[in-house]
Amino acid sequence: MKEELLHFIWKYQLLDINNLKTKEKENIQIIDQGTHNQNAGPDFLNAKVKIDNTLWAGNIEIHINASDWFAHKHQLNKGYQNVILHVVFNDNLSEQNKIRLNIPVLEISNIIDINLIEKYEEMIRSKLWIPCYNSINKVTKITKTSWLNRLIIDRLENRYEEILAIVEKNNNDWLESFYQYLVKRFGFKTNSEAMLQMAEATPLKILSKHKNELFQVEALLYGQAGMLTNYFTDSYPRKLFKEYSFLKSKYQLQNISSTNWKYSRLRPPNFPTIRIAQFSNLLFHSNKLFSKIIEAEKLSDIFDFFNKVKVSSYWQYHYQFEKFSKRKSAKKLGKKSIENIIINTIIPFLFVYGKEKNKEDIINRSIAFLEELPAEKNSILDNWEKLGFENNNAAISQALLQLKKEFCNKKKCLECGIGTSILK
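Attention here is on the structure that accompanies the text. (Residues numbered from 1 in each chain as written. Predicted model: local features only at pLDDT ≥ 70, side-chain atom pairs only at ≥ 80, totals over all residues. Heavy atoms only, no water.)

### Details of the nonpolar core
- Judged by nonpolar contacts, the single largest core of 133 residues is most densely connected at Trp10, Ile60, Leu182, Phe306, Ile346, Leu403 and Ile418.
- Considering each element in turn, this core owes the most residues, 11 residues, to helix α15 (residues 335-356).
- In this view, Leu182 contacts Phe279, Leu282, Leu289, Phe306, Ile341, Thr345 and Ile346; residues no more than four positions away in its chain are not counted.
- Ranked by size, the runner-up nonpolar core spans 10 residues in total, among them Trp69, Val83, Leu93 and Ile103. (Core = buried A, V, L, I, M, F, W, Y, C linked by side-chain atoms within 4.5 Å. Buried < 20%, exposed > 50% of the residue type's maximum accessible area, 1.4 Å probe, protein only. Helix = DSSP H or I, 4+ residues; strand = E, 2+ residues; numbered from the N terminus. Contact = heavy atoms within 4.5 Å.)

Spelled out as structure tokens, the structure:
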């Protein structure tokens, strides 16, 4: 038995409410079970309970064993002075401690449906892909849809702390923060942290002074990435190194280590050298990118910014410095890469910016963009589809990923709309 299950049972009153009595045979009538308290203090606040002919208003505390009251030293905590009912699975208090407690105790072990307990324990012990794998087909479509709609917002709010941490680190400079967050996502999973370190070491205000010269933008970013040396033989990287040496001295810059970058198990188009070339090109061609994205009314407008991204002439024949490739390629961002950046960077940033600035239109637009994007595809989403879930757009994809990561993997069935539906 877990205390969380008792909280769930009390919250939804999943017990024989017509047969509630204290050990002293006093009749108990639940007028209001109270509000579940997720913070310190009694488990349910502002409850109303009628015991025999007396109506009590206050808080309710729940334990596995009645003796837990003293084990947790609640008798010494003023926050528990307004507890009007102690709900327990097992009333194991001695007569002496009952007198000390002086609070009515309701033992519920005999008035809970044993099937509910067994079902919960089966889910918690489950080794299947999701805890409710054998029961989820019984859940109604409206329950699933309602829960997934909530998880769309949860998924966006998951990025809240990550983005705000960057904003606070930049003294509430949203422009600098957006630049850093966007650069980070250009590294995708493998090189995201190295890209962020490079961006943090290269302030946007310095890059902006040279944004009209692609060569200088590349010199700054490759130099700050620690990728330039004076041992190159190719003409272009030698010029980059010379230009960077001048700019580094001028702005007193400190580059990151080249050892931060990962190339193994990456396809050449995803090499960090190519991602830096693409971001340099985006910066070169986009004037006031952040403002334009904030003001974008259509998803197609955002796509246009990234559809124009390609690489400079040197990188059309290279994937790494001084490693020539005979096949010419503009190395434009693919449709899936652009969708990935919009889903995981642009939309979360819009959502957080809208909430922080109290701009409901931006919040709504970020969610609408997510619903407009095509569904994502991966093994997790494939498994959800096999279980009968419709993965119609990126918003649902994100909700399903949130469901698996934050609820199923952590077995938070009692906090999940689908899990609670099965248990109830």
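The structure having been displayed, the exposition proceeds.
### A look at the layout of surface pockets
- Taken as a whole, the largest pocket holds about 810 Å³ of empty space.
- As for the largest pocket, its lining consists of 24 residues, and the residues nearest its centre are Lys189, Asn340, Asn344, Glu376 and Gln398.
- Elements that contribute at least two residues to the lining of the largest pocket include exactly α5 (141-158), α8 (188-201), α15 and α18 (394-408).
- With 6 residues, the top contributor of residues to the lining of the largest pocket is α15.
- Considering only enclosed or pocket space, the second largest pocket measures out at about 610 Å³ in volume.
- Those elements that place two or more of their residues in the lining of the second largest pocket are α1 (3-11), α4 (114-125), α5, α18 and α19 (417-423).
- Sorting elements by how many residues they give to the lining of the second largest pocket places α5 first, with 5 residues.
- The class makeup of the residues in the lining of the second largest pocket is 9 nonpolar, 7 polar and 10 charged. (1 Å grid on protein atoms, 1.4 Å probe; cavity = no way out; pocket = protein on both sides within 12 Å on 5 of 7 lines; lining within 4 Å. Points joined across faces, edges and corners; volume = space filled by probe spheres on them. Nonpolar A, V, L, I, M, F, W, Y, C, P; charged D, E, K, R; others polar.)

### Re the packing of α15 against helix α16 (residues 360-372)
- Relative orientation of the contacting elements α15 and α16 amounts to 160°, with a least axis distance of 7 Å. One element, α15, and the other, α16, form an angle in the roughly antiparallel class. Classified by chirality, the crossing of α16 by α15 is left-handed. Taken together, the residues of α16 that come into contact with α15 (itself represented by Ile343, Ile347, Leu350, Phe351, Tyr353, Gly354 and Lys355) are Ile362, Ile363, Ser366, Ile367, Phe369 and Leu370.
- Of the residues contributing to the contact of α15 with α16, the split by class is 10 nonpolar, 2 polar and 1 charged. (Axes fitted to C-alpha atoms, helices over the stretch in contact; angles between N-to-C directions. Parallel < 35°, antiparallel > 145°, perpendicular 65-115°, else oblique. Left-handed = near helix turned anticlockwise from the far one by under 90°.)

### As for the packing of helix α7 (residues 174-186) against helix α12 (residues 272-285)
- Two elements in contact, α7 and α12, have axes separated by 10 Å at closest approach and are oriented at 145°. Crossing geometry of α7 relative to α12 is assigned as right-handed. Within the contact between the two elements, α7 uses Tyr179, Leu182, Val183 and Phe186 and α12 uses Arg275, Gln278, Phe279 and Leu282.
- Across the contact of α7 with α12, the residue classes break down as 6 nonpolar, 1 polar and 1 charged.

Any functional reading would require information that these geometric values do not contain.
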